[in-house]
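Close look at the chain arrangement
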Amino acid sequence: QVRLVESGGGLAQAGGSLRLSCAASGRTPRTYAMGWFRQAPGKEREFVAFISWNSITYYTDSVKGRFTISRDNAKNTVYLQMNSLKPEDTAVYSCALDEGTYISSYYNSRAYDYWGQGTQVTVSS
């Protein structure tokens, strides 16, 4: 079993920054791809960012130029640097792992094998 633990969430002002981390432990696959998703109150879970094993990245349009996903394979950790935060970024952010190097349906939450519990990000105006 793979365990994912997110950290780094909290309260930020509009225009501020937060850095989320997602640490994988347990029976971590030799190679894997990771995604970040978020869910705001009353809304569906939505894709935020994706990184393949060899660091190919994709972002949803609303965060392009503001968020950066990265990974440290030696530490089994993926990061989401969030800059220029907006109130509409407020949500629970969850990381997800796929047991592979790359997935074409990276935007689809059903494509992932494991999920973290999520961390709350609240952006005040």
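Here goes a summary of the coordinates provided. (Residues numbered from 1 in each chain as written. Predicted model: local features only at pLDDT ≥ 70, side-chain atom pairs only at ≥ 80, totals over all residues. Heavy atoms only, no water.)

The next subject is the pairing of strand 5 (residues 46-51). When you tally the buried positions in strand 5, you get five out of six residues, the bulk of the element. Pairing geometry for strand 4 (residues 33-39) and strand 5, over five bridges, is antiparallel. Residue pairing in the sheet places Gly 35 in a bridge with Phe 50 of strand 5. The loop that links strand 4 with its antiparallel partner strand 5 comprises six residues; one of these, Gly 42, has a positive phi angle of about 75°. (Buried < 20%, exposed > 50% of the residue type's maximum accessible area, 1.4 Å probe, protein only. Helix = DSSP H or I, 4+ residues; strand = E, 2+ residues; numbered from the N terminus. Pairing = 2+ DSSP bridges.)

Our focus in this paragraph is the environment of Gly 26. Structurally, Gly 26 can be placed in strand 3 (residues 18-26). On the basis of relative accessibility, which here comes to 59%, the residue Gly 26 falls in the exposed class.

The next subject is the pattern of salt bridges. Summed over all chains, the structure comprises four salt bridges. Of the charged contacts in the structure, one is a salt bridge between Asp 89 and Arg 38, with a shortest N-O distance of 3.0 Å. In this pair, Asp 89 sits in the loop between strand 8 (77-82) and strand 9 (91-98) while Arg 38 sits in strand 4, placing the two residues 51 residues apart along the sequence. The buried category is assigned to Arg 38, whose relative accessible area is 5%. Of the charged contacts in the structure, one is a salt bridge between Arg 66 and Asp 89, with a shortest N-O distance of 2.7 Å. Separated by 23 residues along the polypeptide, Arg 66 in the loop between strand 6 (57-59) and strand 7 (67-72) and Asp 89 in the loop between strand 8 and strand 9 bring together distant segments of the chain. Asp 89 sits in the buried class, given a relative accessible area of 1%. (Salt bridge = Lys/Arg side-chain N within 4 Å of Asp/Glu carboxyl O.)

Now for the side chain of Asp 98. As for its placement among the helices and strands, Asp 98 is situated in strand 9. Buried charge without a partner: Asp 98 forms no salt bridge, and the closest opposite charge is Arg 71, 9.3 Å away. Other than its neighbours up to four places away in sequence, Asp 98 contacts Tyr 32, Ala 33, Ile 103, Ala 111, Tyr 112 and Asp 113. (Lys, Arg positive; Asp, Glu negative; His and termini not counted. Contact = heavy atoms within 4.5 Å.)

What follows covers unusual backbone geometry. With phi around 70°, Ser 55 is a residue other than glycine that occupies positive phi space. Residue position: Ser 55 is located in the loop between strand 5 and strand 6. If you check the backbone angles, Ser 84 has positive phi at about 50° while not being a glycine. One can find Ser 84 in the loop between strand 8 and strand 9.

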